[in-house]
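Chain residues, written in single-letter form:
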Amino acid sequence: MNEPPKRDILLLELERERSIRRTVRLLYAKRSRIRDEIDRLVSHLSLLVAVPRKTVEDPQPESDILIEAAKRINDPVFTDLLVQIIRERTR
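Residues numbered from 1 in each chain as written. Predicted model: local features only at pLDDT ≥ 70, side-chain atom pairs only at ≥ 80, totals over all residues. Heavy atoms only, no water.

(A) Molecular detail of the packing of helix α1 (residues 6–43) against helix α4 (residues 76–89). Remark: α1 packs on α4, axes separated minimally by 10 Å, with the N-to-C direction vectors making an angle of 65°. If you check the angle between α1 and α4, you find them roughly perpendicular. Seen along the crossing, α1 lies across α4 with a hand that is right-handed. Facing I34, R35, I38, D39, V42 and S43 of α1, the residues of α4 in contact are F78, L81, L82, Q84, I85, I86, E88 and R89. Tallied by class, the residues present in the contact of α1 with α4 amount to eight nonpolar, two polar and four charged. (Axes fitted to C-alpha atoms, helices over the stretch in contact; angles between N-to-C directions. Helix = DSSP H or I, 4+ residues; strand = E, 2+ residues; numbered from the N terminus. Parallel < 35°, antiparallel > 145°, perpendicular 65-115°, else oblique. Left-handed = near helix turned anticlockwise from the far one by under 90°. Contact = heavy atoms within 4.5 Å. Nonpolar A, V, L, I, M, F, W, Y, C, P; charged D, E, K, R; others polar.)

Put into structure tokens, the structure is as follows:
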């Protein structure tokens, strides 16, 4: 049978790997920017919306409001990301 030369196959694999690595770098940069924006949103939430005062029982009402609002947009992936960022901030 007529198989492509081994060199062509290696070249295709090299191009594919380069494309994958380039895409990984782009995705990583975009993910970092998105996480930074969400982090800023969480830190500035009290300036953006009216939130109840902190109490002993609920020291972070802003976070609770943000999580509840995120749940209502029916996007579990986004909600999970938001909850993860909020938990990282409270550690």
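Alright, that's what it looks like, and here's the rest.
(B) Broad picture of the side chain of T79. For T79, the position within the fold is in helix α4. From its side chain, T79 meets the backbone oxygen of A70 in a polar contact 3.0 Å long. The residues contacting T79, other than those within four sequence positions of it, are A70 and K71. (Polar contact = N/O pair within 3.5 Å; in protein donor to acceptor, adjacent residues only side chain to side chain.)

(C) Highlighting the pattern of salt bridges. In total, this model carries four salt bridges according to the counting rule given. Measuring nitrogen to oxygen at the nearest pair gives 3.2 Å for the salt bridge that ties E68 to R72. Placement of both E68 and R72 in helix α3 (residues 61–72) is noted, with a separation of four residues, approximately one turn of the helix. (Salt bridge = Lys/Arg side-chain N within 4 Å of Asp/Glu carboxyl O.)

(D) The arrangement of the nonpolar core in detail. Counting residues in hydrophobic clusters, the biggest one holds ten residues: I38, V42, L45, L66, I67, A70, L82, V83, I85 and I86. Contributions of two or more residues to this core are made by α1, α3 and α4. The dominant element in this core, judged by the number of residues it contributes, is α4, at four residues. (Core = buried A, V, L, I, M, F, W, Y, C linked by side-chain atoms within 4.5 Å. Buried < 20%, exposed > 50% of the residue type's maximum accessible area, 1.4 Å probe, protein only.)

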